[in-house]
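Summary of the model geometry
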2 protein chains.
Amino acid sequence: MKSWVDGCEQSDFSIYNLPFGIFSTEGSKKKVGIALGDYVIDLSKVAEAGLIEEKQNVFTRAVLNPFIEEGKTYTKSIREKIQTLYSDNSFSDNTSLKEALIPLKKVQMHMPVEVKNYTDFYSSKEHATNVGSMFRDPENALLENWKHLPVGYHGRASSIIVSGKNIHRPKGQLKPADGPPVFGPSKLLDFELEMAFITFKGKPLGQSISTAEADDYIFGFCLFNDWSARDIQKWEYVPLGPFLGKSFASSISPWIVTIEALEPFRMKGETQEPEVLDYLKYTGLKNIDITLEVFLDNTNCNSKIASSNYKYMYWNYAQQLAHHTCNGCNIMAGDMMASGTISGPNRENYGSMLELSWKGTNPVVLEDGDQRKFLQDGDTLSMKGYAEKDGVRVGFGEVKTKVLPAL
Amino acid sequence: MKSWVDGCEQSDFSIYNLPFGIFSTEGSKKKVGIALGDYVIDLSKVAEAGLIEEKQNVFTRAVLNPFIEEGKTYTKSIREKIQTLYSDNSFSDNTSLKEALIPLKKVQMHMPVEVKNYTDFYSSKEHATNVGSMFRDPENALLENWKHLPVGYHGRASSIIVSGKNIHRPKGQLKPADGPPVFGPSKLLDFELEMAFITFKGKPLGQSISTAEADDYIFGFCLFNDWSARDIQKWEYVPLGPFLGKSFASSISPWIVTIEALEPFRMKGETQEPEVLDYLKYTGLKNIDITLEVFLDNTNCNSKIASSNYKYMYWNYAQQLAHHTCNGCNIMAGDMMASGTISGPNRENYGSMLELSWKGTNPVVLEDGDQRKFLQDGDTLSMKGYAEKDGVRVGFGEVKTKVLPAL
């Protein structure tokens, strides 16, 4: 398959991808678009020309939620139709289709969804092992429950922001080893390399979604930076878990890559031992081979500081969703569930400064020789992600956020 | 002040109260109402008659969020105007005002707000001490951070339901002492007696709300039953906090009592020792004297099993909101923040079965002699709340939920 739009084959946004997002051009309202190469396809224009079906004005809303609420049969049909229209050469002279293409550099991207509920998992064995080794016991790094269930917690939905929006260093209670707590800017600001999936509307409260049904309830995926203030978190988190050490912000990439676009990159996950309970068993390929990269720009140079892969997940997305709903918890169109930090086997695959600098004992050296234990004001942190196989590329673009001083 | 509507003086919904809710009558759409005595005032009817100002059709929406989004100046003016209209005898013959009154028994109540983000605190010293004594050490029941900050965690918004809706006993992973985890219905189902406040839209991400500003950002309060499956919670909660042991459901009372209506019942809170950090200091009266009662109906009799009071909060609502936003976390119109279980000094004041039965060692005896360590299928749990002083009564009605067997 090849698009008649020039230069999109090697792009993250190839004709095989076609992710959904919310864009605006100068002075215009927010609209739904699909990325293709260096362009955004304005879906409302394609619908106006009668080439795709628009339900309930979903293409001129400020978020994707109304579109997602229409369900997978509809969202999938729109993507497939766009794929046909922009790859079939018989449409290459269609004025409406050409006019619907807006250069990416002319648009501003916005939050793709109003995040209805946000959950963060803790599903990378390497990450949980690293954290357990640092803060507990390297010989018994994983807590007893970790291999029996995908540990997770509810997070803050309101402070999830889109790539390009800066954050301020958070303030909070910090506890010196030798005295009472003080209030001030976090000294241990960190990123966490994660991916998140966005859901369709689920079943009524009380019912569960099985691992076999999970794919039907997932719209797509994005990159997710789970900003963390390690010092705030350390003091507050017992006994009820992370709170203000996380809730000041999380950043996401603006394009939601559909689960259908990721189909060719599925692969087998790690064998789970001990055997999991029946409701967590699954068949088929539920891990996905997505290369993930982290860059730190200290204003002098942009250094790649880590590379990992979504395939490292011990608990896959289907198990996460089955676990989340096994108690009857309902899900909504536009819920977001993040993976937890995705670390791989070696130091260069670690997904946080905490692990890369091993609690600050082994600083990360940037390309200009500058060193970092944690993040400094002025640093820009970006993450990229893409899947590639047999000449087919499906990418996520990036999530990029600059750290400004505390207010 | 006295209403010309008969029989509302001794009601929870006196002319001094005027709480907001969402109601429907048979075959009609959801609308915004105010409770007065045995009636609901249909605000859209009062607005149609030109007696109050309706902005953006807020009175015919399915949730209070659009109304709350208009801000406190507006919401407060509507309540004050209704108070005048229904207390001033010169309006007692007004046909529109009389026609706007619908008997409470003819309406169905619905979720008053779409809960945008839900946070649960842990702010009763008696409750935290009881739990710490049972599971850790009676000599050091409170963890080191507890008296320095209002411990809290993010909860699940999607599964918050209104009084009258039944729940199914949740299923989940349970860990027997002598073997691997099993999957099945919770055996230790519990309630938690709480109150919650609902917020107005806050400041932009990165900014904080002080204790002095807190009242300006609070719309009102409701009763809150934070359903808990103790066995699921116990196995899952390390290290990231409660998750599926809570997210299967929380129940709320349908009427939101405004913070203005609670003004006469303010009182001094417990002296906080050690002294709190500056951002948690406050002036004025930030505790509220609200009597709370819990009833358990085992289908044979309805027994009062506990009575407590919102005045027992160690961390008050203003401190909770200031703490929640001290890291720059933003709040939205329709966020809900619950108090945590409100226990008082003596056994009869404990706000959960866990405490009342002291981990199942001291069963609660019902009026017919039946005993309960935790809740059984078929039990109906209800909570009531009211403030009363100098002949003025402001009540919350009730939150009532029946436990059905696991699906």
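Analysis parameters
- Residues numbered from 1 in each chain as written.
- Chains lettered and ligands numbered in written order.
- Predicted model: local features only at pLDDT ≥ 70, side-chain atom pairs only at ≥ 80, totals over all residues.
- Heavy atoms only, no water.
- Pairing = 2+ DSSP bridges.
- Helix = DSSP H or I, 4+ residues; strand = E, 2+ residues; numbered from the N terminus.
- Axes fitted to C-alpha atoms, helices over the stretch in contact; angles between N-to-C directions.
- Contact = heavy atoms within 4.5 Å.
- 1 Å grid on protein atoms, 1.4 Å probe; cavity = no way out; pocket = protein on both sides within 12 Å on 5 of 7 lines; lining within 4 Å.
- Points joined across faces, edges and corners; volume = space filled by probe spheres on them.
- Salt bridge = Lys/Arg side-chain N within 4 Å of Asp/Glu carboxyl O.
- Buried < 20%, exposed > 50% of the residue type's maximum accessible area, 1.4 Å probe, protein only.
- Nonpolar A, V, L, I, M, F, W, Y, C, P; charged D, E, K, R; others polar.
- Domains from an automatic or database assignment.
- Buried area = accessible area lost by both parts, 1.4 Å probe.
- Polar contact = N/O pair within 3.5 Å; in protein donor to acceptor, adjacent residues only side chain to side chain.

**Some details on the sheet that holds strand β1 (residues 20-25) of chain B**
All names here are of chain B. Strand order in this open sheet of five strands is β4-β3-β2-β1-β5, and the pairing throughout is antiparallel. The open sheet has two edge strands with one neighbour each: β4 (101-103) and β5 (107-110). Neighbouring strand axes in the sheet, compared pairwise and without regard to direction, differ in orientation by 50° on average. Contacts from helix α3 (residues 72-87) reach β1, β2 (31-36), β3 (39-42) and β4, with the element oriented near 65° to β1.

**Considering empty space enclosed by the protein**
Under the criterion given, the structure shown has eight cavities of 30 Å³ or more. In this model, the largest cavity occupies a volume close to 90 Å³. Those elements that place two or more of their residues in the lining of the largest cavity are β6 (118-121) and β7 (152-155) of chain A together with β7 (152-155) of chain B.

**Topic: the pattern of salt bridges**
For the structure shown, the criterion picks out 48 salt bridges over all chains. Linking Asp42 of chain A and Lys31 of chain A is a salt bridge whose minimum nitrogen-to-oxygen distance equals 2.9 Å. Residue Asp42 of chain A is found in strand β3 (residues 39-42), and its partner Lys31 of chain A is found in strand β2 (residues 31-36); the two are separated by eleven residues along the sequence. Like Asp42 of chain A, the residue Lys31 of chain A is buried in the burial classification. The residue Lys304 of chain B makes a salt bridge to Glu293 of chain B at a minimum N-O spacing of 3.0 Å. Linking Lys304 of chain B in strand β21 (residues 302-309) with Glu293 of chain B in strand β20 (residues 291-297), this pair joins segments that are eleven residues apart in sequence. A relative accessible area of 46% means that Lys304 of chain B is categorised as partly exposed. In this structure Glu293 of chain B comes out as buried when scored by relative accessible area, which is 13%.

**Here we look at the layout of surface pockets**
Residues and elements named next belong to chain A. Taken as a whole, the second largest pocket spans an internal volume of roughly 930 Å³. Phe135, Arg230, Gln233, Lys234 and Trp235 are, among the 38 residues lining the second largest pocket, the residues nearest its centre. Elements represented by at least two residues in the lining of the second largest pocket include exactly β6, α5 (125-135) and α6 (230-236). Tallying contributions element by element places α6 first for the lining of the second largest pocket, with five residues. Its residues assigned to classes, the lining of the second largest pocket shows 19 nonpolar, six polar and 13 charged.

**Quick notes on the domain arrangement of chain A**
Residue and element names in this part refer to chain A. Here chain A is described as being made up of domain 1 (20-110) and domain 2 (118-404). Once you take the C-alpha centre of each, domain 1 and domain 2 turn out to be 29 Å apart. Each partner contributes to the interface: domain 1 provides 19 residues, whereas domain 2 provides 17 residues. Of the roughly 1400 Å² buried at the junction of domain 1 and domain 2 (both faces included), carbon and sulfur atoms supply 70%. It is Phe20, Ile68 and Lys72 in domain 1 that bury the most area against domain 2; as a group they hold 43% of the surface buried on that side. There are one salt bridge connecting domain 1 and domain 2. Here Glu260 makes a salt bridge to Lys72, at a shortest N to O gap of 3.0 Å. Between domain 1 and domain 2 we count six residue pairs in polar contact (both at pLDDT 80 or more) in total. Looking at side-chain class alone, the side of domain 1 that touches domain 2 contains nine nonpolar, six polar and four charged residues.

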